Amino acid sequence: MPRKVVSGPDYDDEYDDYDAYDDDYDDYDETGLGNNQHPVKEDKESSKKSSSMVPVHWTCSMCTFDNHESLVYCEMCGVFRESFVKSAKDGSIKDAVSAASSELRTPATSNVDSAKTPMKICAIDFDGDSGRKHARTSCDKASSIQSTPAGSSLDSEKKKKKPVLSEEMPVERTALLAQDHSQLNGGQSSGTSSSSQNDDVTQKLSSDISQLNLEKNSAKPCLPEEYKPEKWMLADQESGVLSQLNLAIVGHVDSGKSTLSGRLLHLLGKISKRDMHKNEKESKEKGKGSFAFAWAMDESSEERERGVTMTVAVAYLETKKYRVVLLDSPGHRDFVPNMISGATQADAAILVVDASTGSFEAGMDGEGGKSVGQTKEHAQLIRSFGVEQLMVAVNKMDAAGYSKERFEFIKQKLGSFLRSCNFRDPNITWVPLSAVENQNLIKPPSDARLTSWYQGFCLLDAIDSLQLPSRDVSKPLILPICDVIKSQSTGQLAAFGKLETGAIRNGSKVLILPCGQEAIVKSIEQDSKPCSIARAGDNVAVSLQGIDGSQLIPGGVLCHPGFPVSVAKHLELKVLVLDITTPILVGSQVEFHIHHVKEAARITKIIALLDKTGKPSKSAPRFLKSKQNAVVQVTLDGAVCVQEFSKSRALGRAYLRSSGRTIAVGVVNQIISQDQN
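A quick note: this is a predicted structure, and the numbers were derived from the prediction, not measured. Here the residue index of a chain counts from 1 through its sequence in written order. Per-residue local features are limited, in this predicted model, to residues with pLDDT of at least 70; the limit for side-chain atom pairs, both in listing and counting, is 80 or more; totals at the level of whole chains, interfaces and linings are taken over all residues. In computing side-chain values, all of the structure's heavy atoms are included and hydrogens and water are not.

S.K.: How should I be thinking about the pairing of strand 21 (residues 566-577) in this particular structure?
M.R.: Where a strand is regular, its side chains alternate between the two sheet faces. For two strands to count as paired, DSSP must find a minimum of two bridges between them. Comment: elements are numbered from the N terminus, with helices defined as DSSP H or I runs of at least four residues and strands as E runs of at least two. Bridge count for strand 21 against strand 26 (residues 629-642) is 10 bridges, and the pairing is antiparallel. Following the sheet pairing, Val-575 is matched in strand 26 by Ala-630. Where strand 21 and strand 28 (residues 661-671) come together, seven bridges link them in antiparallel fashion. Bridging from a neighbouring strand, Lys-574 pairs with Val-667 of strand 28.

S.K.: Hey, could you run me through the sheet that holds strand 21 in this one?
M.R.: In space, the six strands of this closed barrel follow the order 21-26-24-23-27-28, with antiparallel pairing throughout. Here the strands of the sheet are splayed against their neighbours by 40° on average, with no regard to which way each runs. Pairs of residues are marked as contacts when any of their non-hydrogen atoms sit within 4.5 Å. Each axis is a line fitted through C-alpha atoms, taken for helices only over the stretch in contact, and angles between the N-to-C directions span 0 to 180 degrees. Strand contacts of helix 12 (residues 374-384): strand 27 (653-658) and strand 28, with the helix running at about 10° to strand 28, the strand carrying the most contacts.

S.K.: I keep staring at the nonpolar core and nothing clicks. Help me out?
M.R.: Among soluble globular proteins, nonpolar side chains are generally buried collectively. By nonpolar core is meant a set of buried Ala, Val, Leu, Ile, Met, Phe, Trp, Tyr and Cys residues that side-chain atoms within 4.5 Å join together. Only protein chains enter the accessibility calculation, which uses a 1.4 Å probe; a residue is then buried when its area is under 20% of its type maximum, exposed when over 50%, and partly exposed in between. In this structure, Leu-247, Ile-382, Phe-385, Val-392, Leu-414 and Leu-418 are the most contacted members of the largest nonpolar core, which totals 77 residues. Among the elements that make up this core, the one with the highest residue count is strand 8 (residues 348-354) (six residues). Among all residues touching Leu-414, those that are not within four sequence positions of it are Leu-351, Val-353, Phe-360, Met-364, Thr-375, Val-392 and Trp-430. Core analysis: the second largest hydrophobic core is formed by 27 residues, Leu-571, Val-577, Val-590 and Ile-663 among them.

S.K.: Any chance you could explain the side chain of Gln-380 here in plain terms?
M.R.: By the element assignment, Gln-380 lies in helix 12. By relative accessible area, Gln-380 is classed as buried at 11%. Ignoring anything within four residues of it in the chain, the contact list for Gln-380 reads Phe-417, Cys-421, Leu-578 and Asp-579.

S.K.: Before we go on, may I ask you to explain the pattern of salt bridges in this structure?
M.R.: Pairing between side chains of opposite charge can happen when the charged atoms of each approach one another. Every case where a carboxyl oxygen of Asp or Glu lies within 4 Å of a side-chain nitrogen of Lys or Arg is listed as a salt bridge. If you walk through the whole model with that rule in mind, you get 14 salt bridges. The salt bridge involving Arg-505 is made with Glu-230; its shortest N-O contact spans 4.0 Å. In this pair, Arg-505 sits in strand 14 (residues 503-505) while Glu-230 sits in the loop between helix 6 (188-218) and strand 5 (243-251), placing the two residues 275 residues apart along the sequence. Among the salt bridges present, the one from Arg-471 reaches Asp-347, with a minimum N-O distance of 2.9 Å. Placement of Arg-471 in the loop between helix 15 (459-464) and strand 11 (478-480) and of Asp-347 in the loop between helix 10 (336-343) and strand 8 is noted, with a sequence separation of 124 residues between them.

S.K.: It is not clear to me how the packing of helix 12 against helix 13 (residues 404-420) should be interpreted in this structure. Could you clarify?
M.R.: Between helix 12 and helix 13, the least distance of the axes is 10 Å, while the angle of their chain directions is 35°. Both helix 12 and helix 13 take part in a crossing whose hand is right-handed. Facing helix 12, whose interface residues are Thr-375, Lys-376, Ala-379 and Gln-380, helix 13 presents Leu-414, Phe-417 and Leu-418. The residue classification treats Ala, Val, Leu, Ile, Met, Phe, Trp, Tyr, Cys and Pro as nonpolar and Asp, Glu, Lys and Arg as charged. All others, Gly included, are polar. Here the residues of the contact of helix 12 with helix 13 sort into four nonpolar, two polar and one charged. Rotating anticlockwise by less than a right angle from the far helix to the near helix defines a left-handed crossing, while the corresponding clockwise rotation defines a right-handed one.

S.K.: Honestly, the environment of Gln-492 in this entry has me stumped. Any pointers?
M.R.: Mapped onto the elements of the fold, Gln-492 is located in the loop between strand 12 (483-486) and strand 13 (493-498). Taking the C-alpha atoms as reference points, Gln-492 and Ser-543, separated by 51 residues in sequence, lie 7.1 Å from one another. Filtering out sequence-adjacent residues up to four positions away, Gln-492 remains in contact with Ile-485, Lys-486, Ser-487, Lys-522, Ser-543 and Leu-544. As used in this structure description, the phrase polar contact means that two N or O atoms lie within 3.5 Å; if the pair is within protein, one of them must be able to donate a hydrogen and the other to accept it, and residues adjacent in sequence are counted only when both atoms belong to side chains. A distance of 3.4 Å separates the side chain of Gln-492 from the side chain of Lys-522, its partner in a polar contact.

S.K.: Is there a simple way to explain the packing of helix 10 against helix 12 in this structure?
M.R.: Axes are the key here: two packed helices are described by the angle between their axes and the distance separating the axes. Here helix 10 crosses helix 12 at 30°, and the two axes come no closer than 11 Å. Judged by the angle between their axes, helix 10 and helix 12 are roughly parallel. Crossing hand, helix 10 versus helix 12: right-handed. Along its contact with helix 10, which presents Val-336, Met-339, Ile-340 and Ala-343, the element helix 12 presents Gln-374, Glu-377, His-378, Leu-381 and Ile-382. Its residues placed into classes, the contact of helix 10 with helix 12 shows six nonpolar, two polar and one charged. In these notes the angle categories are as follows: under 35 degrees is roughly parallel, over 145 is roughly antiparallel, 65 to 115 is roughly perpendicular, and the rest is oblique.

S.K.: Would you explain the sheet that holds strand 7 (residues 322-328) in this entry?
M.R.: By definition, the strands of a sheet pair up through backbone hydrogen bonds, in either a parallel or an antiparallel sense. The six strands lie next to each other as 6-7-5-8-9-10, forming an open sheet whose pairing is mixed. For this open sheet the edge positions go to strand 6 (313-318) and strand 10 (428-432), each flanked by a neighbour on one side alone. Direction aside, neighbouring strands of the sheet carry axes that sit 25° apart on average. Where strand 8 meets strand 9 (residues 390-395), six bridges bridge the pair, whose relative direction is parallel. The residue bridging Ala-349 from the neighbouring strand is Leu-390, located in strand 9. Running over the sheet, helix 12 touches strand 5 and strand 8 and is turned about 150° from strand 5. This element, helix 13, spans strand 8, strand 9 and strand 10 of the sheet and lies at about 155° to strand 10.

Put into structure tokens, the structure is as follows:
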């Protein structure tokens, strides 16, 4: 059945639908013509031949009206004949137009040569696109033709009883067309007018079909406008201004991370003598004299009471080459989520290990050797953050007597594990030191036991040897909110975080997600100092106006209003399963971590395993075990700000945790919409 292209008869505006029809149909005679008109004289022999022939008709598939074989459209509703549509689809547009032209020149009936019904001819969509608008061409009624022949045609057609449904051309049609041709010669004046109008209709039909074809060929998908950074965003590095390097300090609990950070800050003059004296006094009163330098980083009373770092502490120092942002991360397994939230901003990392006997082994194999220690877990997480440059600070060498053998043992065992995490040997720097005794921190060591076999970098020189990663300011603004703090300059709440891409300045308009509100940048602070412009790689606190401070939440994102990031809860991930004891099954409940947000999630589907080349398996596995690469789908309890890894690395890295352990790391492969899900 052909597609319905016209819902009903559609006449010209100047034509009244009902004025030409009389209410009383009894006024019509047997010929179907009104009393005020006379039938056209016909040749007697032709009329005899015509009456002896069986009428040939086709039934409209839409309104079931019986139409003459010579018509390609329905006189009642205007729908094209099914065979005409099929031939037009199978043939070329030119053939379809020529066929329409030849059919339009054929008279409507064999009895009346000038009887024409006002109609609409619809341009057929030859490509079957139901969504395309159909071009319509109106055929004007000839001035000498009234509506009475149309009524005659309706009346005569209603008397037909047996329509021919076959699409093949009957033999009688040849004689019938010949008679119609002779009748056309008899009425030359009216035929000439009708022929000229039909030529106009044919030309319009051809042009409309060509226009549709051009529209389809020229149609292109609507792509978002490409982002073009402004000139102020691409400004050259100012002379005398140090480049910023975000440096995460990670490692097993009690390996000396906070003590190392505090000692480094004290040696570089970032901690006043007054504050240092206060820390020494308070630590001795509580029986923790060795924690004096650590308390420079662990400022909360709970951290000092428990003796462990619980949140990521941020501090600033300067080297010859860089302005370093220290991110002192917690090492206890209970606070790994906080470590993920803070250290995900890192450009490079210092992995601190305890050289004393038993402590290094606990960091590698966990307590009792039955689990994974935080040295291993932190190394895996740091690599999954995208960090490629790593310094291994072998701390507490004084407890090991500055033994070269102990250092080489640690280097050999830990080095093989780091290589399995895809760290390259040229990007790993090994530095033996002692934070408590100030050996090999900002200058070469003075202890002969260490200088006898080590002549490498001190820690500060090793930091300067790092290469600064590329900063992408040519992409739209993305600033994941790490924390919401109180601005020292304005006194109001400010969004603190690292600019991953783009740039921002005072007066810039930004979009806050997931709330979806826009705001204006009121002020920018870097290291508690106001600044006018911040670019990719900078850690800043941004105060906004035009938005309630309660809309700023950790895990949110400041982005360009014209290029918003996605907010979704159904994701497809490519993951690497870490060392686990319980397999991952469909339906497993996990903690989903991405940039600065944590959300409860569930494994909804295991799609396929991936081989070393990244090729997926043909069949989906029933479960996942250690060291396997796979593609999985997860459903989060709440929506988070996220992007595909191919679009944004910072918003495309994900981590799965369960029972206090990281079970898988990976990237967002696809954001699944509600329809796909």
